[in-house]
Amino acid sequence: METVGFTAMADGTPEDYALLDRLESEYVKGLPDRLLAAVDALEHSLGGYQVTRREHSLQSATRARRDGRSDEYVAAALVHDIGDELAPYTHGEMVAAILRPYVEPRICWVVGHHGVFQQYFYGRQSGVDPNARDRYRDHEWFDDCAEFCELYDQNCFDPAYDSLALESFEPLMREVFAEPRFL
Ligand SMILES: [Fe+2]
Ligand SMILES: [Fe+2]
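Residues numbered from 1 in each chain as written. Chains lettered and ligands numbered in written order. Predicted model: local features only at pLDDT ≥ 70, side-chain atom pairs only at ≥ 80, totals over all residues. Heavy atoms only, no water.

Caption draft 1: Spotlight on the packing of helix α6 (residues 105-126) against helix α7 (residues 142-152). Running from N to C, α6 and α7 cross one another at 60°; their axes reach a closest spacing of 8 Å. With respect to their mutual orientation, α6 and α7 come out oblique. Remark: the crossing between α6 and α7 carries right-handed chirality. Contact residues: α6 offers R106, W109, V110, H113, H114, F117, Q118 and F121, while α7 offers F142, D144, C145, A146, F148, C149 and E150. A class-by-class count of the residues in the contact of α6 with α7 yields 9 nonpolar, 3 polar and 3 charged. (Axes fitted to C-alpha atoms, helices over the stretch in contact; angles between N-to-C directions. Helix = DSSP H or I, 4+ residues; strand = E, 2+ residues; numbered from the N terminus. Parallel < 35°, antiparallel > 145°, perpendicular 65-115°, else oblique. Left-handed = near helix turned anticlockwise from the far one by under 90°. Contact = heavy atoms within 4.5 Å. Nonpolar A, V, L, I, M, F, W, Y, C, P; charged D, E, K, R; others polar.)

Caption draft 2: Fine view of the coordination of the iron ion (ligand 1). Protein coordination at the iron ion (ligand 1): the donors are D81 (OD), H91 (NE2) and H114 (NE2), at 2.0 to 2.1 Å from the metal. Linear spacing of the donor residues for the iron ion (ligand 1) on their chain is D-x9-H-x22-H. The metal-metal distance between the iron ion (ligand 1) and the iron ion (ligand 2) comes to 3.6 Å, with D81 coordinating both. Of this pair, D81 sits in the loop between α4 (71-79) and α5 (91-99) while H91 sits in helix α5, placing them 10 residues apart in sequence. (Donors = N, O, S within 2.8 Å, 3.2 Å for Na, K, Ca; no water.)

Caption draft 3: Geometry of the layout of surface pockets. Of the volumes computed, that of the largest pocket is approximately 660 Å³. Along the walls of the largest pocket sit 26 residues, with H91, H114, G115, Q118 and Y122 positioned nearest its centre. Secondary structure elements with two or more residues in the lining of the largest pocket: α3 (53-66), α5 and α6. For the lining of the largest pocket, the leading source of residues is α6, giving 9 residues. For the lining of the largest pocket, the residue count by class is 9 nonpolar, 12 polar and 5 charged. (1 Å grid on protein atoms, 1.4 Å probe; cavity = no way out; pocket = protein on both sides within 12 Å on 5 of 7 lines; lining within 4 Å. Points joined across faces, edges and corners; volume = space filled by probe spheres on them.)

Caption draft 4: Molecular detail of the coordination of the iron ion (ligand 2). The iron ion (ligand 2) binds to the protein through H56 (NE2), H80 (NE2), D81 (OD) and D153 (OD); the donor distances cover 2.1 to 2.2 Å. For the iron ion (ligand 2), the 4 donor atoms in the first shell make angles of 82 to 174° at the metal, a pattern classed as irregular. Considered as a linear motif, the donors of the iron ion (ligand 2) on their single chain read H-x23-H-D-x71-D. Judged by relative accessible area, which is 2%, D81 ranks as buried. Judged by relative accessible area, which is 2%, D153 ranks as buried. (Tetrahedral: all angles 85-135°; square planar, octahedral: opposite > 155°, others 65-115°. Buried < 20%, exposed > 50% of the residue type's maximum accessible area, 1.4 Å probe, protein only.)

Caption draft 5: Broad picture of helix α2 (residues 31-41). Taken together, the buried positions of α2 are occupied by L31, P32, L35, L36 and V39. Buried residues of α2, seen end-on, are gathered within an arc of 135° and therefore sit on one face of the element. Packed against the buried residues of α2 are α1 (14-28), α3, α4, α5 and α8 (170-176). (Arc of directions from axis to C-beta.)

Caption draft 6: Structural context of the packing of aromatic side chains. Under the counting rule described, the total for this entry stands at 12 aromatic pairs. On the basis of an interplanar angle of 90° and a centroid distance of 5.6 Å, the ring pair of W109 and Y136 is categorised as edge-to-face. In this pair, W109 is assigned in helix α6 and Y136 in the loop between α6 and α7, connecting sequence segments 27 residues apart. On the basis of relative accessible area, W109 is assigned to the buried category, the value being 12%. One aromatic cluster is present, built from ring pairs that chain together W109, F117, Y136, W141 and F142. The lysine or arginine in question, R69, covers the ring of Y73, its NZ or CZ lying 5.0 Å from the ring centre. Here the guanidinium or amino end of R133 rests over the ring plane of Y120, the centre of that ring lying 3.7 Å away. (Phe/Tyr/Trp six-rings, centres within 6.5 Å; stacked < 30°, edge-to-face > 60°. Lys NZ or Arg CZ within 6 Å of the ring centre and 35° of its normal.)

Caption draft 7: Up close: the side chain of T62. Take T62: it is sitting in helix α3. Assessed through its relative accessible area of 0%, T62 is described here as buried. Ignoring anything within four residues of it in the chain, the contact list for T62 reads Y161, D162, S163, L164 and F169.

Scope: geometric values only; no functional claims are made or implied.
This is the structure in structure tokens:
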């Protein structure tokens, strides 16, 4: 592969950086495939639930799609937990950062905060504050995040649910992640 001439960035020429720009824009085109692969890899993530994290993600996206949510919303539902693998305490924020250039700010905020909102559904039984989400009570997207957790997250652990296949989300993923619209 063609490479730059420099060994320190400060010494790079305009031609070097033109080359890197070209290679980067080609690489970015593979993002939808990398995101789909990350969802697929959740087959071997956290255990203990009746479904894998991959199935949980498919259930979330399938329910969102069947409810007629936007493509951006369905894509966000599909990837909302891929951060589990690398950011165990901040997985929502990690995924929100991935979504931010491609998905409307409201949906990014929902994904970024879904962890604390999810506590509402299990906090009482596990000793964490179920009302921790109340710190965002006055936020314009509070209800959106509460709704996401209720309809597309806390209830998506059902082994009997007929989720759509991961492949069925490919066209939508390629569409949503084709171009950054919010840079
Ligand atoms: Fe999550
Ligand atoms: Fe989740």
